[in-house]
Number of protein chains: 2
Amino acid sequence: MTHPIPRTRIQEKNRARVLEAALEVFSRAGFRGATLDAIAGEAGLSKPNLLYYFASKEDIHVTLLEGLVDRWLDPLREMRAEGDPQAELLAYVRRKLQMSRDFPRESRLFAQEIVQGAPRIGAGLSTDLKALVDEKAGVIQAWMDAGKIAPSDPHHLIFSIWSLTQHYADFDVQVRAVLGEGRDPIDEAEGFLETLFTRLLTP
Amino acid sequence: MTHPIPRTRIQEKNRARVLEAALEVFSRAGFRGATLDAIAGEAGLSKPNLLYYFASKEDIHVTLLEGLVDRWLDPLREMRAEGDPQAELLAYVRRKLQMSRDFPRESRLFAQEIVQGAPRIGAGLSTDLKALVDEKAGVIQAWMDAGKIAPSDPHHLIFSIWSLTQHYADFDVQVRAVLGEGRDPIDEAEGFLETLFTRLLTP
DNA sequence: AATTCTTTTGACCAAACGGTCAAGAGCACG
DNA sequence: CGTGCTCTTGACCGTTTGGTCAAAAGAATT
C-alpha cells in the first residue's frame, strides 16, 4: 500500500472516494472487468491521481475486501450464547437481511470473489472464518443439546442463513425480474424468513 | 454466430470442445477475466482456429448461457401439479441439489452473470423466467389453499430453494473452508435441506 | 490427379489497459 | 516572500487482448 495510514484530511477523503467508486465498479464488473479509468472516472479523479492514493488496482481490491470481511461477520459475532436461542438466531437472520438491503454492492463484491474461488482472499477463509463459525456452531449445538431449539446441523444452519439472506443482494436482478415491479423483495423476505426459521427451529 | 447449425462432425466436436473449455475458464475468471488465449489453450486449439468456430468471445458466452438457462429450469418444469405436494417440492430440492453437485461450473457461470446485473442475458429473465415461476407459484399456492402444505409466500419459497441449493455450488470454496477437509458438503446438505423443507412445508 | 471445400495456423494489428514520470499547481509555514 | 511539502496531471510506455488475414494443409469429390 502507498499510504498505510492516511495523514491528511485530503488523503482520508480521497481514499474514501476511491474506495466508494471502486466498490461500485468492482461489484458491477468484477475485478478483471473493472478498469482504473472507470474507477478514476467514478471517483472524479485522474488515473495518475488515483494511483497516488493506491499502489495498484489489486491494492484497491484488497483494501476493499479486508474492510469487508470484518463487517460481513459482525452480525454473527453479536450472537450471544446467553440470550434466548431462537430469538438470537432470528435476530441474526434479521441483521444479515438488513445488510443485504444496506450493503448490496459489498455483498456482490464478496460473492464474486468467492464464486471465483477466492483467489485474492483465500488464506483468511480457512483460519479466521472457520474459527468463528466453529465457535458459533458450538453454541448452537449446545442450544440443541439443551432442547432449546430443534436439532439440525449447526454449520449448515449457518450456511442456510448466509445463503437465504445474501441471495436478495446477490441475485437482486433475478428476484426483481421474477417478482415484477412495485414490490419490495427484502421487505417480503423478512416475513418469509421469519416463518421459515421459526418453523425450522421450534422444538 | 459463425455457424448457426454445425454441419460436419468435426464442427460439432470442436464447437463442443470450445464450449467445455469456455465453461471452465469463464466460471473461474468471469467474462472479462477470461481470455481467448486461455479458452483456446484449454480447448487445445489455436486462437484463430477457435474464432473459426465462434464469431467472438461474446458469441461463446451467449451460446453457453443460452444452453444453460434451459437446463437450469428443467427441474422446476418437472414439478407436477398432480403429484403429492410435499413430495414434489422435496424432489425439486433434491434435483436442484444434484445439479449443484453435477454442474457446479454452470451454476457459477450463471451466478456471475446475475450478480453483475445480467448485462448479457437480461431480457429473457423478465419474460420466460417470470412466466414459468409465476405458473409454478400458482400451483404451490393452490396446494397451500387446499391445506396440503403449510402456507408461505410461493415465490419466496422458490427463491429459497434456489438459494439454498445453488449455494453449495457457488460458494463451494467457502463451504469447504468452513467445514474443513474430509467432508462431503452436498451429501450433508441433502439431509439438512430435507429436514428444513419438511419442517417448513408440513401443515 | 485435379479440383473444390473445409480446417488450421503464423504473423499481424489496433485498441485497451495497468502503470510510470517529470513537471507543475496548491498550500502551509517560517 | 520563499521554501518545502502535498497533491494533480498530461504525456508516455510496454503488455495484453480481441480480432483479422492470407496462405497453407487436409478432406472430399469428381
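Remember, predicted model here, so these are calculated numbers, not experimental data.

### Notes on the protein's contact with DNA strand C
Alright, step 1. Near DNA strand C lie 18 residues; those nearest to it are Leu36(A), Lys57(A), Thr8(B), Gln11(B) and Tyr53(B).
Alright, step 2. Among all atoms of DNA strand C positioned within 4 Å of the protein, those belonging to sugar or phosphate total 56%.
Alright, step 3. Here Lys47(A) contributes a side-chain N or O atom positioned 3.0 Å from a base nitrogen of DNA strand C.
Alright, step 4. Side-chain polar atom of Asn14(B) to a phosphate oxygen of DNA strand C: 3.3 Å apart, as the coordinates give it.

### Points about the packing of aromatic side chains
Alright, step 1. Tallied over the entire structure, the rule returns twelve aromatic pairs over all chains.
Alright, step 2. When the centroid spacing of 4.6 Å and the interplanar angle of 35° are considered together, the rings of Trp72(A) and Phe110(A) count as tilted. With Trp72(A) in helix 4 (residues 57-77) and Phe110(A) in helix 6 (residues 104-115), this residue pair connects regions lying 38 residues apart in the sequence. Note on accessibility: Trp72(A) and Phe110(A) belong to one class, buried.
Alright, step 3. For the ring pair Phe159(A) and Trp162(A), a centre distance of 5.8 Å and an interplane angle of 50° mean the geometry is tilted. Here the residue Phe159(A) and the residue Trp162(A) both occupy positions in helix 8 (residues 154-170), the gap between them amounting to three residues, near one helical turn. Both residues of the pair, Phe159(A) and Trp162(A), belong to the buried class.
Alright, step 4. Each member of the aromatic cluster is reached from another via a ring pair, and the members are Trp72(A), Phe110(A), Phe159(A), Trp162(A) and Tyr168(B).
Alright, step 5. Between the NZ or CZ atom of Arg71(B) and the centre of the ring of Phe103(B), over which it lies, the distance is 4.4 Å.

### Some thoughts on the domain arrangement of chain A
All names here are of chain A.
Alright, step 1. Structurally, chain A comprises domain 1 (1-54) and domain 2 (66-201).
Alright, step 2. Relative to domain 2, the C-alpha centre of domain 1 lies at a distance of 29 Å.
Alright, step 3. At the interface, eight residues of domain 1 touch six residues of domain 2.
Alright, step 4. Between domain 1 and domain 2 the total buried area reaches about 680 Å² when both faces are included, carbon and sulfur atoms providing 56% of it.
Alright, step 5. The largest contributions to the domain 1 side of the interface with domain 2 come from Leu23, Ser27 and Phe31, which together make up 66% of the buried area.
Alright, step 6. Seen at the junction of domain 1 and domain 2, the total is two salt bridges.
Alright, step 7. For Glu24, the salt bridge is made with Arg105, and the minimal N-O distance between the two is 2.7 Å.

### A word on the relation of the copies chain A and chain B
Alright, step 1. Note on the copies: chain A fits chain B at an RMSD of 0.1 Å, the axial shift is 0.0 Å, and the rotation between them is 180°. Expressed as a symmetry operation, the mapping of one chain copy onto the other fits a two-fold axis.
Alright, step 2. Here 100% of the contact residues of chain A are again contact residues in chain B; the copies associate through an equivalent surface.

### Some words on the packing of helix 10 (residues 185-201) of chain A against helix 8 (residues 154-170) of chain B
Alright, step 1. Interhelical geometry of helix 10 of chain A versus helix 8 of chain B gives an angle of 75° and a closest axis separation of 10 Å. Of the possible angle classes, the one that applies to helix 10 of chain A and helix 8 of chain B is roughly perpendicular. On helix 8 of chain B, the residues touching Pro185(A), Glu188(A), Ala189(A), Phe192(A) and Leu196(A) of helix 10 of chain A are His156(B), Leu157(B) and Ser160(B).
Alright, step 2. Among the residues forming the contact of helix 10 of chain A with helix 8 of chain B, the class breakdown is five nonpolar, two polar and one charged.

### Side note on helix 5 (residues 85-102) of chain A
All names here are of chain A.
Alright, step 1. Taking 1.5 Å of rise per residue, the 18 residues of helix 5 would be expected to cover 26 Å, and the 26 Å separating its terminal C-alpha atoms lies within 8% of that figure.
Alright, step 2. Buried within helix 5 are the following residues: Pro85, Gln86, Glu88, Leu89, Leu90, Tyr92, Val93, Lys96, Leu97, Met99 and Ser100.
Alright, step 3. Looking at the packing, one finds that the buried side of helix 5 touches helix 4, helix 6, helix 7 (123-145), helix 8 and helix 10.

### Comments concerning the interface of chain A and chain B
Interface size is commonly expressed as the accessible area that is lost once the parts come together.
Alright, step 1. Contacts between the two partners involve 57 residues from chain A, matched on the other side by 58 residues from chain B.
Alright, step 2. Interface of chain A and chain B: buried area, both sides summed, is about 4700 Å²; carbon and sulfur atoms make up 66% of it.
Alright, step 3. Linking chain A to chain B there are zero salt bridges.
Alright, step 4. Across the chain A-chain B interface, the total number found is 18 residue pairs in polar contact (both at pLDDT 80 or more).

Procedures and definitions
- Residues numbered from 1 in each chain as written.
- Chains lettered and ligands numbered in written order.
- Predicted model: local features only at pLDDT ≥ 70, side-chain atom pairs only at ≥ 80, totals over all residues.
- Heavy atoms only, no water.
- Near = heavy atom within 4 Å.
- Polar contact = N/O pair within 3.5 Å; in protein donor to acceptor, adjacent residues only side chain to side chain.
- Phe/Tyr/Trp six-rings, centres within 6.5 Å; stacked < 30°, edge-to-face > 60°.
- Helix = DSSP H or I, 4+ residues; strand = E, 2+ residues; numbered from the N terminus.
- Buried < 20%, exposed > 50% of the residue type's maximum accessible area, 1.4 Å probe, protein only.
- Lys NZ or Arg CZ within 6 Å of the ring centre and 35° of its normal.
- Domains from an automatic or database assignment.
- Contact = heavy atoms within 4.5 Å.
- Buried area = accessible area lost by both parts, 1.4 Å probe.
- Salt bridge = Lys/Arg side-chain N within 4 Å of Asp/Glu carboxyl O.
- Least-squares fit on C-alpha atoms with pLDDT ≥ 70 in both.
- Axes fitted to C-alpha atoms, helices over the stretch in contact; angles between N-to-C directions.
- Parallel < 35°, antiparallel > 145°, perpendicular 65-115°, else oblique.
- Nonpolar A, V, L, I, M, F, W, Y, C, P; charged D, E, K, R; others polar.
- Expected span 1.5 Å × (residues − 1).

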